[in-house]
Amino acid sequence: MTAVKTEDVQVLESNMTAGIIRELIRLMKLKGKRSSRTGAPQLEDVPELIHLIQSQLPVIEAARTSVLSKSWLHAWSTIPTLRFNLRSGSNRMKLEDMNRILIRYLRDHIPIETFDLKLDIQNQDSASHAEKLIEQVATNNRLKELSLAIGFQEASVTFPDEILSGKNLSKIQVFVLFGGIHSVRMTTSPHPVINCLSLRELHFHGVCISEEALNDILSACTLLEKIVLLNSCKGIKNIKGKNLPRLYELQLIDLDAVQSTFLEISDVPNLGMFRYD
């Protein structure tokens, strides 16, 4: 085991804020063991801190930390936070590299706690691939946060019902980046089975969700604290939110201008921010 080195910190500071680094060093000093020879705290003795550092970085940058030592290399291979940027640009990751990583995680049953995917969809074939990929990740029982940012040319995506199956899932974010509004449809059935009873935050931007599915989510997920629906209520006539004691923020923005949407909320004693356009 080697004590944390100044040059190691310099490598990390090039990718992270100094504040995060200072906090990690503080935690390392509290939890790290002491070397009998130097008395210096050893970061390798606290693998969860290595994971925490790597989880703050995009996948490509996190992979570069693996050169620091064998402990960093091992931690990188099992990091529970996966962030993939497959959007057009010089820093994007290749699709085959992402597939290779996911295959290994799923094959070896490595926990995925946070999954963040930015993806441009060019055609219906890539849309089908995205649907299958999301289904595989959503069935990971350790998943806590799911964030999707999807751009379109000429295709549409319908998420599998499994996106609502995670028992430990606390946050869902889905953004349509460009293309036609409602190019993403939430769930394949009007009444999906909802097992994400630990859900705290729900963000839909440009996502088409049925009235039945939305009200089922609001009925089942009583721990919700934040709900933001932007351009995601087309065709919905009634929205019912009852018995949401922890709900603090509710935003329903850009509703269907053609028809009226009736909103019924009750038993939301902690509601502090409300927007209804």
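Residues numbered from 1 in each chain as written. Predicted model: local features only at pLDDT ≥ 70, side-chain atom pairs only at ≥ 80, totals over all residues. Heavy atoms only, no water.

A.B. asks: Where do I start with the overall build of the chain in this structure?
C.D. replies: When helices and strands are counted, the chain shows eight helices and 13 strands. Within the chain, the fraction of its 277 residues that count as buried is 43%. Taking the intrachain contacts of the chain between residues at least 6 apart in sequence as the baseline, contacts between residues at least 24 apart amount to 63%. Accessible area of the chain: about 14,200 Å², with a carbon and sulfur share of 50%. (Helix = DSSP H or I, 4+ residues; strand = E, 2+ residues; numbered from the N terminus. Buried < 20%, exposed > 50% of the residue type's maximum accessible area, 1.4 Å probe, protein only. Contact = heavy atoms within 4.5 Å. Areas by Shrake-Rupley, 256 points an atom, 1.4 Å probe, with all protein chains shown as cover.)

A.B. asks: Is there a simple way to think about the confidence of the model for the chain in this case?
C.D. replies: Predicted coordinates in areas of low pLDDT are best not read in detail. Looking at the chain as a whole, the pLDDT averages 78, with 76% of positions reaching at least 70. Taking the mean pLDDT of every element in the chain, the minimum, 46, falls on helix H1 (residues 6-13) and the maximum, 94, on strand E7 (residues 201-205). With pLDDT under 50 throughout, residues 1-16 is counted as low confidence; its partners more than four residues away or in other chains account for 29 contacts. Residue range residues 33-37 is modelled with pLDDT below 50. Its contacts to residues more than four positions away, or to other chains, number 10 contacts. (pLDDT = per-residue confidence, 0-100.)

A.B. asks: Help me understand the pairing of strand E10 (residues 238-242), please; the structure alone is not making it clear to me.
C.D. replies: The side chains of a regular strand alternate between both faces of the sheet. With burial as the criterion, only one face of E10 is covered, namely that bearing Ile 239 and Gly 241; the residues Asn 238, Lys 240 and Lys 242 on the opposite face remain uncovered. Note: E10 against strand E12 (residues 262-266), five bridges, orientation parallel. Each residue of the ladder has a partner; that of Lys 242, found in E12, is Ser 266. (Pairing = 2+ DSSP bridges.)

A.B. asks: Quick question: what am I supposed to make of a nonpolar patch on the surface here?
C.D. replies: Side chains of Ile 265, Phe 274 and Tyr 276 sit close together on the surface and give an oily, nonpolar patch of about 260 Å² of accessible area. Checked against the element boundaries, Phe 274 lands in strand E13 (residues 273-276). (Patch = residues over 30% accessible without salt bridge, like charges linked within 9 Å, V, L, I, M, F, W, Y side chains within 5 Å. Salt bridge = Lys/Arg side-chain N within 4 Å of Asp/Glu carboxyl O.)

A.B. asks: Got a minute to help me understand the state of the cysteines in this structure?
C.D. replies: Two cysteines whose sulfur atoms are joined by a covalent bond form what is called a disulfide. For the structure shown, the criterion picks out zero disulfides. The closest cysteine sulfur to the non-disulfide-bonded Cys 196 is located on Cys 221, 4.1 Å from its own sulfur. (Disulfide = S-S within 2.5 Å.)

A.B. asks: In this structure, what is going on with the packing of helix H6 (residues 95-107) against helix H7 (residues 124-138)? I would like to understand it.
C.D. replies: The description of two packed helices rests on the angle between their axes and on the distance between the axes. Packing of H6 against H7 leaves a shortest axis separation of 11 Å and a crossing angle of 30°. As summarised for this structure, H6 and H7 are arranged roughly parallel, according to the angle between their axes. Where H6 crosses over H7, the handedness of that crossing is left-handed. Side by side, H6 and H7 meet where Leu 95, Met 98, Asn 99, Leu 102 and Leu 106 of the first sit next to His 129, Leu 133, Gln 136 and Val 137 of the second. For the contact of H6 with H7, a count of residues per class yields six nonpolar, three polar and no charged. (Axes fitted to C-alpha atoms, helices over the stretch in contact; angles between N-to-C directions. Parallel < 35°, antiparallel > 145°, perpendicular 65-115°, else oblique. Left-handed = near helix turned anticlockwise from the far one by under 90°. Nonpolar A, V, L, I, M, F, W, Y, C, P; charged D, E, K, R; others polar.)

A.B. asks: Sorry, what's going on with the environment of Leu 117 here?
C.D. replies: With respect to the helices, strands and loops of the structure, Leu 117 is situated in strand E2 (residues 114-121). The class for Leu 117 is buried, based on a relative accessible area of 3%. As a C-alpha pair, Leu 117 and Phe 84 span 33 residues in sequence and 4.9 Å in three-dimensional space.

A.B. asks: Sorry if this is basic, but what is going on with H6 here?
C.D. replies: Given 3.6 residues per turn, any residue in an α-helix points the same way as the ones three and four places further on. Compared with the 18 Å implied by 1.5 Å per residue over 13 residues, the 18 Å span of H6 between its first and last C-alpha is a close match. Note on H6: the residue one or two positions beyond its end, His 109, has a positive phi of about 55°. (Expected span 1.5 Å × (residues − 1).)

A.B. asks: How should the sheet that holds strand E8 (residues 207-208) be read in this particular structure?
C.D. replies: In sheet architecture, strand pairing relies on hydrogen bonds along the backbone and comes in two forms, parallel and antiparallel. As summarised here, the arrangement of the three strands in space is E4-E6-E8, forming an open sheet in which the pairing is parallel. Every interior strand has two partners, whereas the edge strands, strand E4 (157-158) and E8, have only one. As paired strands, strand E6 (residues 184-185) and E8 are joined by two bridges and run parallel to one another. Residue pairing for E8: Arg 185 is matched across the bridge by Cys 208.

A.B. asks: How should the environment of Gln 54 be read in this particular structure?
C.D. replies: Tracing the backbone through its elements, the reader meets Gln 54 in helix H3 (residues 47-55). What makes Gln 54 buried here is its relative accessible area of 0%. Apart from the residues lying within four places of it in its own chain, the contact partners of Gln 54 are Ala 62, Thr 65, Trp 72, Ala 75, Trp 76 and Ile 79.

A.B. asks: Teacher, can you tell me more about the nonpolar core here?
C.D. replies: Core analysis: the biggest nonpolar cluster contains 63 residues, and Phe 84, Phe 115, Leu 148 and Phe 159 have the highest contact counts within it. Among all residues touching Leu 148, those that are not within four sequence positions of it are Phe 115, Leu 117, Ile 134, Phe 159, Ile 163, Gln 173, Val 174 and Phe 175. (Core = buried A, V, L, I, M, F, W, Y, C linked by side-chain atoms within 4.5 Å.)

A.B. asks: What is the right way to read the pattern of salt bridges from this model?
C.D. replies: Note on pairing: side chains with opposite charge can pair once their charged atoms come close. Under the counting rule described, the total for this entry stands at eight salt bridges. Between Arg 83 and Asp 116 there is a salt bridge, and its shortest N-O distance comes to 3.4 Å. Residue Arg 83 is found in strand E1 (residues 81-86), and its partner Asp 116 is found in strand E2; the two are separated by 33 residues along the sequence. The buried category is assigned to Asp 116, whose relative accessible area is 14%. Across the pair Asp 108 and Arg 107 runs a salt bridge, and its minimum N-O distance is 3.0 Å.

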